[in-house]
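Report on the structure
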Amino acid sequence: MERHDISIPPERRARLLALLAMAWDGQWFLKVYDEYGWEAAARINARVRAAFGRIEMRRMLHALGKRKAKDLDDAVRIIRAYFRDVLAAGFDARFVVEGNRAEVIVTRCAALWGSKRAGLERHDQACIACRGLWDAYFETLLPDTRVRVELQECMGDGAARCRAVIHAGRV
């Protein structure tokens, strides 16, 4: 019998890895929730997600051969590439940059969707984690810049979309 190697096309591989990472994250949250309850799981998840966000952006910078983003616009381009090329599944976001202000509008969030599927008493733990995630992303990409993030709308709180406004200025 002839042996044939199996190969996954790069686009499918990226999607598969993104889905597996989200599943890993979801299972981790559910096990902490089972052991310690919702409040502790949401609090720990937010800390872990921010820490991992810093790792994600350091890896993106390394992959792009950069030490840091040039400016807010460059930081947004890096995050957009991360969403498109690495996360590859589960998130739809639009980014608008005007000077030292950026707006991120998320219309599809796999973390929120997974939470609803899990049937938890609350569905906003993804939003709690997200609050620190945007800070982690931009502070890592722009280490010499003061960054302030305002979450103005959250789907986990019943909004039709999530909307974050990022203000960046020199330290």
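Refer to the structure printed above.
To keep things clear, this report deals only with the structure shown in the data block. Because the structure is a prediction, the values reported are computed rather than measured. (Residues numbered from 1 in each chain as written. Predicted model: local features only at pLDDT ≥ 70, side-chain atom pairs only at ≥ 80, totals over all residues. Heavy atoms only, no water.)

This part is about the overall build of the chain. Scanning the chain from N- to C-terminus turns up 5 helices and 4 strands. Scanning the chain from its N terminus toward the C terminus, one meets helices and strands in the order α-α-α-β-β-α-α-β-β. Dimensions along the principal axes, computed over C-alpha positions, put the chain at roughly 65 × 45 × 25 Å. Within the chain, buried positions represent 38% of all 171 residues. (Helix = DSSP H or I, 4+ residues; strand = E, 2+ residues; numbered from the N terminus. Buried < 20%, exposed > 50% of the residue type's maximum accessible area, 1.4 Å probe, protein only.)

Turning to a nonpolar patch on the surface, a few remarks are in order. There is a patch of nonpolar side chains on the surface, built from Ile8, Leu16, Leu17 and Leu20 and spanning about 360 Å² of accessible area. With respect to the helices, strands and loops of the structure, Leu20 is situated in helix α1 (residues 10-36). (Patch = residues over 30% accessible without salt bridge, like charges linked within 9 Å, V, L, I, M, F, W, Y side chains within 5 Å. Areas by Shrake-Rupley, 256 points an atom, 1.4 Å probe, with all protein chains shown as cover. Salt bridge = Lys/Arg side-chain N within 4 Å of Asp/Glu carboxyl O.)

Residues Ile79, Trp134, Tyr137, Phe138, Leu141 and Ile166 are the most contacted members of the largest nonpolar core, which totals 32 residues. For this core, the secondary structure elements donating two or more residues are α2 (38-63), α3 (72-87), β2 (101-109), α5 (125-141), β3 (145-153) and β4 (162-170). Of all the elements, α3 adds the most residues to this core, at 9 residues. Among residues more than four places away in sequence, those in contact with Tyr137 are Arg49, Gly53, Glu56, Met57, Ile79, Tyr82 and Phe83. If you look at the next biggest cluster of nonpolar residues, it comprises 6 residues, including Phe29, Trp38, Ala41 and Leu120. (Core = buried A, V, L, I, M, F, W, Y, C linked by side-chain atoms within 4.5 Å. Contact = heavy atoms within 4.5 Å.)

Moving on: α2. Helix length check: α2 (26 residues) gives 36 Å between terminal C-alpha atoms against 38 Å at 1.5 Å per residue, within 8%. Positive phi appears at Gly65, one or two residues downstream of α2, with a value of about 70°. (Expected span 1.5 Å × (residues − 1).)

Per the counting criterion, the structure on display carries 8 aromatic pairs. Centre to centre, the rings of Phe29 and Tyr33 are 6.4 Å apart; their planes meet at 10°, and the pair counts as stacked. Of the two residues, Phe29 and Tyr33 are both situated in helix α1; the distance of 4 residues between them amounts to about one turn of the helix. The class for Phe29 is buried, based on a relative accessible area of 4%. Ring centres of Phe83 and Phe95 lie 5.7 Å apart, and the angle between their planes is 75°; on these two criteria the pair is classed as edge-to-face. Remark: Phe95 occurs in strand β1 (residues 91-98) and Phe83 occurs in helix α3; sequence separation between them is 12 residues. (Phe/Tyr/Trp six-rings, centres within 6.5 Å; stacked < 30°, edge-to-face > 60°.)

What follows concerns the pattern of salt bridges. Summed over all chains, the structure comprises 14 salt bridges. Glu39 is the salt-bridge partner of Arg122, the closest N and O atoms lying 3.0 Å from each other. One end of the pair, Arg122, is in the loop between α4 (110-118) and α5; the other, Glu39, is in helix α2, and 83 residues separate them in sequence. A salt bridge links Lys68 to Asp144; its shortest N-O distance comes to 2.4 Å.

A word on the packing of α1 against α2. Running from N to C, α1 and α2 point in directions that differ by 145°, and their axes come no closer than 7 Å. Relative to α2, α1 is oriented so that their crossing is right-handed. Residues Asp25, Trp28, Phe29, Val32, Tyr33 and Tyr36 of α1 pack against Trp38, Ala40, Ala41, Ala42, Ile44, Asn45 and Val48 of α2. In the contact of α1 with α2, the residues fall into 11 nonpolar, 1 polar and 1 charged. (Axes fitted to C-alpha atoms, helices over the stretch in contact; angles between N-to-C directions. Left-handed = near helix turned anticlockwise from the far one by under 90°. Nonpolar A, V, L, I, M, F, W, Y, C, P; charged D, E, K, R; others polar.)

Just distances and angles here, no functional claims.
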